[in-house]
Amino acid sequence: MPYTVKKIFVFLLCLNCFFIFGQTSYRNLSTENWTFNKQNETKKHKATIPGTVHTDLFQNQLIPEPFFGANEKQLQWVENENWEYETHFSLTKSELKNKNIDIEFEGLDTYATVYLNGKAVLEADNMFRKWNISAKSHLKIGTIHLKVVFHSAVQKGKEESKKLSYTLPEKERVFVRKAQYQFGWDWGPRFVTAGIWKKVQLKFWNSAKIENIKYSQIQLNDKKAILEFTTEIYVSKVKTIQLKINDKSQTFNLKKGKNRIQMQYEITNPKLWWCNGLGDANLYSFTIEISQKKQLLDSKKLHIGLRTIELIQEKDQIGSSFYFKLNGKPVFMKGANVVPSDSFLPRVSDSTYFSLVENAKKANMNMLRVWGGGVYFDDAFYEACDANGILVWQDFMFACSMYPGDEKFVENVKQEVIDNVNRLQNHPSIAIWCGNNENDEGWHNWGWQKQFNYSKADSTQIWNDYKKVFHEMIPQTLDSLLPKEKNIYWSSSPSKGWGRKESLTQGDVHYWGVWWGKEPFEIYDEKVGRFVSEYGFQGMPNLETLKKVMTQEDLNFTSEAFKNHQKHPTGYETINEYMERDYVVPKDFEDYAYVSQLLQARGMKIAIEAHRRAKPYCMGTLYWQLNDCWPVTSWSSLDYFGNWKAFHYQAKRSFENVLLSVEEESNKYEVFLVNDSFEKQSGKLELEFLSFDGKSFWKTSKEITFEENSSTIIYEILKEDCKPFDLKQTVLKVQFNNVQSQYFFVKPKDLKLSKPNIQIRNVDEFTIEISSDVLAKDVFLSSENDTFFEDNYFDLLPNEKRVIKLSKPVQNIKIKSLLDTF
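Rules of the game
- Residues numbered from 1 in each chain as written.
- Predicted model: local features only at pLDDT ≥ 70, side-chain atom pairs only at ≥ 80, totals over all residues.
- Heavy atoms only, no water.
- Helix = DSSP H or I, 4+ residues; strand = E, 2+ residues; numbered from the N terminus.
- Buried < 20%, exposed > 50% of the residue type's maximum accessible area, 1.4 Å probe, protein only.
- Lys, Arg positive; Asp, Glu negative; His and termini not counted.
- Salt bridge = Lys/Arg side-chain N within 4 Å of Asp/Glu carboxyl O.
- Polar contact = N/O pair within 3.5 Å; in protein donor to acceptor, adjacent residues only side chain to side chain.
- Pairing = 2+ DSSP bridges.
- Right-handed = clockwise from strand over helix to strand, strands pointing away.
- Axes fitted to C-alpha atoms, helices over the stretch in contact; angles between N-to-C directions.
- Contact = heavy atoms within 4.5 Å.
- Core = buried A, V, L, I, M, F, W, Y, C linked by side-chain atoms within 4.5 Å.
- Arc of directions from axis to C-beta.
- Phe/Tyr/Trp six-rings, centres within 6.5 Å; stacked < 30°, edge-to-face > 60°.
- Lys NZ or Arg CZ within 6 Å of the ring centre and 35° of its normal.
- Left-handed = near helix turned anticlockwise from the far one by under 90°.
- Nonpolar A, V, L, I, M, F, W, Y, C, P; charged D, E, K, R; others polar.

**Student:** Before we go on, may I ask you to explain the side chain of lysine 486 in this structure?
**Tutor:** Note on placement: lysine 486 falls in the loop between α11 (456–481) and β28 (489–490). Although buried, lysine 486 forms no salt bridge, and the nearest oppositely charged side chain, glutamate 485, lies 5.6 Å from it. Reaching out from lysine 486, the side chain makes a polar contact with the backbone oxygen of glutamine 425 at a distance of 3.4 Å. A distance of 3.4 Å separates polar atoms of two side chains, one belonging to lysine 486 and the other to asparagine 426.

Right, dumping it as structure tokens:
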């Protein structure tokens, strides 16, 4: 069929919400007219599918905006109610002629009873699973009534908790296979949702359907790749089918029921998939079709990246290494932890995921950790990671507690693992599967045994239940699902608590001595682990973000609205304590928000660069956290609306493949050059001491060469040689080729700054040039129309001309620098 005609044909099908892929076809039920009501109430209201009860209540003006002010507190009643969702739809004669009709719920949150024409056909109890109903026998011509009753997850969790003779940490939430952050976290509100949170559809099929496809790499070298595809096909009776993978086909005889058939595919001169910064994220597209007598029965599409990934743990003189090899090369992992992008998950669109991954790539990241207290993300997230060369550390959805180990719970989790591993395993971005977040550390370091007064028998049972899930069931299930090259499993992150010496010599570590321990930022130079998978510091979002969720009058530290958008119990107290150490604390609220971001960025710069300088001892740095689920003061570098905080701009600089970094020792300053690329670097190194008004006190240069994938001390400056200079108004400028860095010898509060005369020249409508007569510290640019500045929160040296790209033209640019807050 001609392309134009084909487009019109597809468009007409979409208008009818009916999508055809060969003989198997789908009809979207999400677009039917759905209603919802509180159980035992007769009045029904319009519902949106996918959706949640909170968003439906708000859209019907039955509750106020959940994120606004302190509204969260008055909406806690919602979680204790049962809710009913229903719709009516019709089937045509032609639809009913299909031999098999399934109803597929891609996500039910969480305890749900599904009724078809008044008959219960499904009991669901896991938000993370896909639920399928073989519905043909329940359907008829004419109107069909589909109803889903959601039972309170909170009440269900409390009922389950009463069955134990002891109390597990975090009470009801651990019994419920549901996004754990929705019960409240130290960066997120408590909104325990319910609803049809993913698409629901009818699936029509007759004699055969593809249930799952996976592949393994039999051979991979420069000349040839051999892939073996395993296709799971369900057939209603014995038949002979043709399996076609792109241009290659093969005939198979299938038995009734489920069949697993294997077929190899060869690629000559394969292009490897590389992570961001080290090469192209090359992808190969595959179409897998099954047909009988030239009639297409079903088809699927895959996008595959050819690569090898290994986790290397080898004993050494200090402990054990912990690093990833990609395509045989050790790679330093640079990135962040990711939380769900909204408290109300159906609002997270594909474009949200694309933007999130794009912002990670722009900040020179190559790995993101999907944290275990959230959800397994939608396909769009992993597709974006595949396309942008971002590796994924994938937690299973358990966090910061101990969990039950009864047979029903373990089997439920096993099916959850199967569903999600089958869905995600073909993505080249998946690097590692991790059992949980901080459960092991919590058990061994957080004092739960004493807090909950466990007997010896209680403790034995709880730990045995832990081992049953994370040391036995999950790894055994992965063994049954994954080929060897895709099966990297780590039972818990971190492997040791940050207070233990071994946490810095083996495995991965969550280092929280800064923030929780209130240790100074400079401790990061000493406390470096082999792979630092969590650390962080809070910074406020910009004022414009806060204005969207509170009134102008509430923009102060004493208002209930403002306090509600800080979930850490001592959050502002901690920020203030650190700010007093390093900055002049501003009295103006807007200035305080700005300086809090500088403080966060400064602390994280110290941490990231300490980790990178320690390469290859340390081979990974994933900060907490990339993003937010609502507008809040938190550890994120991107706020809820995707705006870059000062920290994200700093992360971009500190994650550059070639980094210049200065470390202070007792009697000297060491200049490091860190090279994450796979190429030897040569060029001119230049160092210069500049006064804040642009005078050069001292300068030197030399030609240097340093190895690929290395961290090297390239220059040393003795403190004795710095005595003639006033270091409170001196900056060390270090440059190698086009890479530049500035080092300040004292804390920001001790700098002798003078008022800069900052000039902006418009190069064109999307480009500006900015300059200053004297040092302008931490220059922050903003505009009236949410323009994105390619660079921001930067130090502008005297007479430097910095060119900055804009996302859109602006009329006025507002400029703030650190001196403005003094």
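The structure having been displayed, the exposition proceeds.
**Student:** Help me out: how do you make sense of unusual backbone geometry in this one?
**Tutor:** Only a minority of non-glycine residues have a phi that is not negative, and only a minority of peptide bonds are not trans. With an omega dihedral of 5 degrees, the bond running from lysine 615 to proline 616 counts as a cis peptide bond. Mapped onto the elements of the fold, proline 616 is located in the loop between α15 (589–613) and β31 (620–623). That bond from tryptophan 624 to glutamine 625 is cis: its omega, 10 degrees, falls within 30 degrees of zero. Of note, glutamine 625 is situated in the loop between β31 and α16 (646–654).

**Student:** When you look at the pairing of strand β40 (residues 767–772) in this model, what are you seeing that I'm missing?
**Tutor:** Working note: regular strand, side chains alternate between the two faces of the sheet. Along β40, six of the six residues are buried, which leaves the element largely enclosed by surrounding structure. Neither face of β40 is exposed, since Thr767, Glu769 and Ser771 on one face and Ile768, Ile770 and Ser772 on the opposite face are all buried. Both strand β39 (residues 758–764) and β40 contribute to a ladder of six bridges, which runs antiparallel. If you follow isoleucine 758 over to β40, its bridge partner there is serine 772. Counted along the chain from β39 to the antiparallel partner β40, the turn is two residues long.

**Student:** Hey, could you run me through the pairing of strand β24 (residues 333–338) in this one?
**Tutor:** When you tally the buried positions in β24, you get six out of six residues, the bulk of the element. For β24 and β31, the ladder comprises four bridges, and the chain directions are parallel. Opposite alanine 336, over in β31, you have tyrosine 623 as the bridge partner. Looking at chain direction, β24 and strand β25 (residues 367–370) are connected through four bridges and run parallel. Bridge assignment links asparagine 337 to a residue of β25, and that residue is arginine 369. Note that the unit made of β24, helix α6 (residues 350–362) and β25 has a crossover that is right-handed.

**Student:** Hey, could you run me through the sheet that holds strand β41 (residues 776–783) in this one?
**Tutor:** Pairing between the strands of a sheet is mediated by backbone hydrogen bonds and can be parallel or antiparallel. Ordered in space as β42-β41-β44, the three strands form an open sheet in which the pairing is antiparallel. The open sheet is flanked by β42 (794–796) and β44 (813–816), the only strands paired with a single partner. The mean angle between the axes of side-by-side strands here comes to 45 degrees, regardless of whether they run parallel or antiparallel. As judged from the two bridges shared by β41 and β42, these two strands associate in the antiparallel manner. In the strand pairing of β42, alanine 776 is matched with leucine 796. Docked against the sheet, α15 engages β41 and β44, running at close to 120 degrees with respect to β41.

**Student:** Teacher, can you tell me more about the nonpolar core here?
**Tutor:** It is characteristic of soluble globular proteins that their nonpolar side chains tend to be buried jointly. Grouped together as the largest cluster of nonpolar side chains are 186 residues, with contacts concentrated most on Phe105 and Leu108. Among the elements that make up this core, the one with the highest residue count is α15 (13 residues). Those residues within four positions of leucine 108 in sequence are excluded, and the remaining contacts are Val114, Leu122, Ala124, Asn126, Met127, Trp131, Val148, Phe150, Gly195, Ile196 and Trp197. Membership of the second largest hydrophobic core comes to 25 residues, among which are Met263, Ile288, Leu302 and Ile304.

**Student:** Hey, could you run me through helix α5 (residues 153–161) in this one?
**Tutor:** Helical geometry: 3.6 residues make up each α-helical turn, so side chains three or four residues apart lie on a common side. Along α5, the residues classified as buried are Ala153, Val154 and Gly157. Relative to the axis of α5, the buried residues are bounded by an arc of 100 degrees and lie together on one face. In this structure, the buried side of α5 is in contact with β7 (111–116), β10 (142–151), β11 (183–185) and β12 (188–190).

**Student:** What's the story with the sheet that holds strand β36 (residues 710–718) in this structure? I'm lost.
**Tutor:** Taken in spatial order, the three strands line up as β32-β33-β36 in an open sheet, and their pairing is antiparallel. The two strands at the open ends of the sheet, each matched to only one other strand, are β32 (658–664) and β36. Between one strand axis and the next, the sheet turns by 20 degrees as a mean value, whatever way the strands run. When strand β33 (residues 668–675) meets β36, the two strands line up antiparallel, connected through eight bridges. Considered in β36, the bridge of leucine 673 is made with threonine 712. The sheet strands contacting α15 are β32, β33 and β36, and the helix crosses β32 at an angle near 100 degrees.

**Student:** Mind showing me how you'd approach the packing of aromatic side chains here?
**Tutor:** The geometry of an aromatic ring pair is captured by the separation of the ring centres together with the interplanar angle, meaning the angle of the planes. By the definition in use, this model includes 76 aromatic pairs. Both rings, one in tryptophan 77 and one in tryptophan 83, keep their centres 6.1 Å apart while their planes meet at 45 degrees; by these two values the pair is tilted. Judged by relative accessible area, which is 34%, tryptophan 77 ranks as partly exposed. An angle of 65 degrees between the planes, with centres 5.4 Å apart, marks the rings of phenylalanine 322 and phenylalanine 531 as edge-to-face. Taken together, the positions of phenylalanine 322 in the loop between β21 (309–312) and β22 (323–326) and phenylalanine 531 in the loop between β29 (509–510) and β30 (532–534) put the pair 209 residues apart, joining distant regions of the chain. The buried category is assigned to phenylalanine 322, whose relative accessible area is 1%. When its relative accessible area of 0% is taken as the criterion, phenylalanine 531 is described as buried. Taken together, the ring pairs in this structure connect Tyr166, Phe398, Tyr403, Trp443, Phe452, Tyr454, Trp463, Tyr466 and Phe470 into an aromatic cluster. Looking at lysine 548, its charged tip hangs above the ring of phenylalanine 641, at a distance of 4.3 Å from the centre. Above the face of the tyrosine 578 ring, arginine 581 is positioned so that its terminal group lies 4.2 Å from the ring centre.

**Student:** How should I be thinking about the packing of α6 against helix α7 (residues 379–388) in this particular structure?
**Tutor:** The relative placement of two packed helices is expressed as an angle between their axes plus a distance between the axes. Direction vectors running N to C along α6 and α7 enclose 35 degrees, while the axes themselves pass 8 Å from each other. The two elements α6 and α7 cross, and the hand of that crossing is right-handed. Contacts from Asp350, Tyr353, Phe354, Val357 and Lys361 in α6 reach Ala380, Phe381, Ala384, Cys385 and Asn388 in α7. For the contact of α6 with α7, the per-class residue count stands at seven nonpolar, one polar and two charged.

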